[in-house]
Amino acid sequence: MALVTRRGFAGFWPAAVIGGEFALARAARGAGEPMVAIDSNENPDGPPEIALKVMRESLALGGRYHGEATEDLETELGRALGLKPGEVLAGAGSSEILHAAIDVFTSATRPVVVSNPTYEACPELARALGRPSEKVPLTPTYAADVEKMAAVARVKKAGLVYLCNPNNPTGSATPQDRIKWLSENLPADCVLLVDEAYLDFSPQLGSAVGLIKAGRNVVVARTFSKIWGMAGLRVGYGCARTEYINKMAPFRDMVVNMASARGALAAVKNSGTILPQRRAKMTKLRGDVCAWLHGKGFDYIEPYGNFVMIKIKKPVRPVIQAFASKGVAVGRPFPPYEDMLRVTIGTEHEMDRFRAAFTQVFS
Ligand code: PLP
């Protein structure tokens with residue numbers, strides 16, 4: 001499997017964005033003002049202290065291969081989720097799990113069905129491999145249209161249906177009973193891939209992991225890149241019945257490096273304290289931004305992740321550029337929502353800078 005990075009995707013970040021806003025943002029940074037990076041749904045808090053400590057200690061053991069560390073992580077994640085041994089697969093970010101799922105479950109004649117808009121990795125990799133994808137618009141409440149997805153999966157003989165909950169870029173949620181319905185109404189040879197990259201920010205939505213325990217054809221992808229603040233350390237995982245895990249495992253080629261696996265393991269063992277703190281902090285900042293936007297007369301999609309999709313009621317591309325010129329990197333355009341702006345929740349200071357830039361851009 002070829003490594004297709006987000007920045008490497010043809011069309012993922014349009015040339016205008018790379019040559020325009022980013023150049024401007026870099027120029028702003030060069031002028032001494034650090035750029036506010038609220039464009040990629042990262043967590044500015046970075047890795048938990050305990051993970052940093054364990055990773056530092058682990059570096060000295062780097063002469064040894066990573067197999068045992070990866071297995072320890074898979075075992076602990078499986079235990080925490082109540083899954084059986086062999087039902088968790090660690091990957092270099094959840095990207096590696098999404099890639100493996102595309103590799104295994106789609107083909108030139110078995111498309112992937114996705115919402116539109118949603119996270120682009122699956123359809124982009126499918127395209128790179130010459131495999132078709134079918135796009136189904138979100139419902140008016142920005143949930144996945146599960147009935148339409150099931151119908152398209154049947155007609156087009158799809159091998160995979162990808163559903164992101166909460167969805168990126170909208171931040172919206174699909175109710176768990178709708179996801180369950182979808183898992184029960186797909187053709188028997190079609191797999192449902194549920195991407196829960198942002199679920200830890202809104203655990204009240206419930207997880208699709210329960211569907212795996214119920215024996216459904218479901219793969220759940222998760223990541224340490226978001227609430228755990230470990231995006232650059234590349235740790236994610238997939239959960240599924242052993243049959244699917246065994247099919248996907250050979251398609252991983254990066255796997256997790258030993259230090260990151262050990263750091264993630266230390267973090268997970270302390271999730272009871274770390275996750276509620278991080279969730280509460282982000283939720284407070286996100287609430288403040290939403291209330292502020294509301295006061296300014298701007299609407300937004302009800303957010304469930306660490307980002308907000310703002311209805312700016314005008315073309316987003318020049319607005320992205322205007323923010324960049326003020327040293328604030330906001331989300332890229334997400335067609336077909338050309339009049340919406342995605343903003344990641346950063347630090348309090350970063351959100352102050354965002355509000356200041358917003359006031360100028362929309363004055
Ligand atoms: N899934 C979703 C919905 C995302 O937004 C992202 C990254 O932004 C990923 C997966 C990939 O993340 P990673 O490979 O870092 O786990």
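Everything here concerns the structure above.
In this text, all values refer to a predicted model and were calculated from it rather than measured experimentally.

Colleague: Looking at this model, I keep getting lost on the pattern of salt bridges. Mind explaining?
Modeller: Any two side chains of opposite charge can pair if their charged atoms end up close together. According to the stated counting rule, one finds 17 salt bridges in the structure shown. Two residues, Arg332 and Glu120, come together in a salt bridge whose shortest N-O distance is 3.1 Å. Of this pair, Arg332 sits in the loop between strand S11 (328-329) and strand S12 (340-344) while Glu120 is found in the loop between strand S3 (112-116) and helix H5 (121-128), placing the two residues 212 residues apart along the sequence. We classify Arg332 as buried; its relative accessible area is 3%.

Colleague: Would you mind going over the site of the ligand with me for this structure?
Modeller: Neighbouring the ligand are 14 residues; Ser95, Asp195, Tyr198, Thr223 and Ser225 lie closest to it. Note that an oxygen atom of the ligand is positioned 2.7 Å from one of the backbone N or O atoms of Ser94. Note that an oxygen atom of the ligand is positioned 2.6 Å from one of the side-chain N or O atoms of Tyr198. Protein chains shield 96% of the accessible area of the ligand, which is 400 Å² for the free molecule. When its residues are assigned to classes, the shell around the ligand shows four nonpolar, six polar and four charged.

Colleague: Hey, could you run me through helix H4 (residues 94-105) in this one?
Modeller: Working note: α-helix, 3.6 residues per turn, so residues spaced by three or four point in the same direction. With twelve residues, H4 should cover 16 Å at 1.5 Å per step; its first-to-last C-alpha distance of 16 Å lies within 8% of that length. Those residues of H4 that sit buried are Ser94, Glu96, Ile97, Leu98, His99, Ala100, Ala101, Ile102, Asp103 and Phe105.

Colleague: What should I look at first to understand the sheet that holds strand S10 (residues 307-311) in this one?
Modeller: In a beta sheet, neighbouring strands are held together by backbone hydrogen bonds and run either parallel or antiparallel to one another. A sheet is described by the order of its strands in space; here three strands give the open sequence S9-S10-S12, paired in antiparallel fashion. Of all strands in the sheet, those with a lone pairing partner are strand S9 (299-300) and S12, marking the two edges. Of the pairings in the sheet, the one linking S10 to S12 comprises five bridges and is antiparallel in character. Paired with Lys311 across the two strands is Met340, which belongs to S12.

Colleague: What's the story with unusual backbone geometry in this structure? I'm lost.
Modeller: Outside of glycine, negative phi angles account for most residues, and trans bonds account for most peptide bonds. Cis geometry is found at the peptide bond from Asn168 to Pro169, where omega equals 20 degrees. Here Pro169 shows up in the loop between strand S5 (160-164) and helix H7 (176-184). With a phi close to 55 degrees, Asn41 is a non-glycine residue in the positive phi region. Among the residues examined, Asn41 registers a relative accessible area of 0% and is labelled buried. A positive phi angle, close to 70 degrees, is found at Tyr142, a residue other than glycine. Mapped onto the secondary structure, Tyr142 falls in the loop between strand S4 (133-137) and helix H6 (146-156).

Colleague: Explain the nonpolar core here, please?
Modeller: Soluble globular proteins tend to pack their nonpolar side chains together in the buried interior. One finds Phe224 and Phe323 to be the most contacted residues of the largest nonpolar core, which totals 79 residues. Counting residues per element, this core draws most heavily on helix H11 (residues 271-295), at seven residues. Aside from chain neighbours lying at most four places away, what touches Phe224 is Leu73, Leu77, Gly229, Met230, Ala231, Val235, Gly236, Tyr237, Ala264 and Val268. Of all hydrophobic cores here, the second largest spans 25 residues; its members include Ile102, Val114, Leu125 and Val219.

Colleague: What am I meant to see in the environment of Glu184 here?
Modeller: Position of Glu184 among the secondary structure elements: in helix H7. Note on Glu184: relative accessible area 38%, which makes it partly exposed. The sequence separation of Glu184 and Glu350 amounts to 166 residues, and the corresponding C-alpha distance is 43 Å. Looking at Glu184, its side chain comes within polar contact range of the side chain of Lys180, at 3.0 Å.

Colleague: Looking at this structure, how should I read the packing of aromatic side chains?
Modeller: Each aromatic ring pair is described using two quantities: the centre-to-centre distance and the angle formed by the ring planes. Counted under the stated rule, the structure contains twelve aromatic pairs. On the numbers, 5.4 Å between centres and 80 degrees between planes, the contact of Trp292 with Phe358 is edge-to-face. Pair noted here: Trp292 is in helix H11 and Phe358 is in helix H13 (residues 348-361), with a separation of 66 residues, a long-range link. Ring geometry for Phe323 against Phe354: centres 5.7 Å apart, planes inclined by 10 degrees, an arrangement best described as stacked. Taken together, the residues Phe323 in helix H12 (residues 316-325) and Phe354 in helix H13 connect sequence positions 31 residues apart. Its relative accessible area of 0% is what places Phe323 among the buried residues. On the basis of relative accessibility, which here comes to 0%, the residue Phe354 falls in the buried class. Directly above the aromatic system of Tyr244 lies the positively charged group of Arg241, at a separation of 4.9 Å from the ring centroid.

Rules used throughout
- Residues numbered from 1 in each chain as written.
- Predicted model: local features only at pLDDT ≥ 70, side-chain atom pairs only at ≥ 80, totals over all residues.
- Heavy atoms only, no water.
- Salt bridge = Lys/Arg side-chain N within 4 Å of Asp/Glu carboxyl O.
- Helix = DSSP H or I, 4+ residues; strand = E, 2+ residues; numbered from the N terminus.
- Buried < 20%, exposed > 50% of the residue type's maximum accessible area, 1.4 Å probe, protein only.
- Near = heavy atom within 4 Å.
- Polar contact = N/O pair within 3.5 Å; in protein donor to acceptor, adjacent residues only side chain to side chain.
- Areas by Shrake-Rupley, 256 points an atom, 1.4 Å probe, with all protein chains shown as cover.
- Nonpolar A, V, L, I, M, F, W, Y, C, P; charged D, E, K, R; others polar.
- Expected span 1.5 Å × (residues − 1).
- Pairing = 2+ DSSP bridges.
- Core = buried A, V, L, I, M, F, W, Y, C linked by side-chain atoms within 4.5 Å.
- Contact = heavy atoms within 4.5 Å.
- Phe/Tyr/Trp six-rings, centres within 6.5 Å; stacked < 30°, edge-to-face > 60°.
- Lys NZ or Arg CZ within 6 Å of the ring centre and 35° of its normal.

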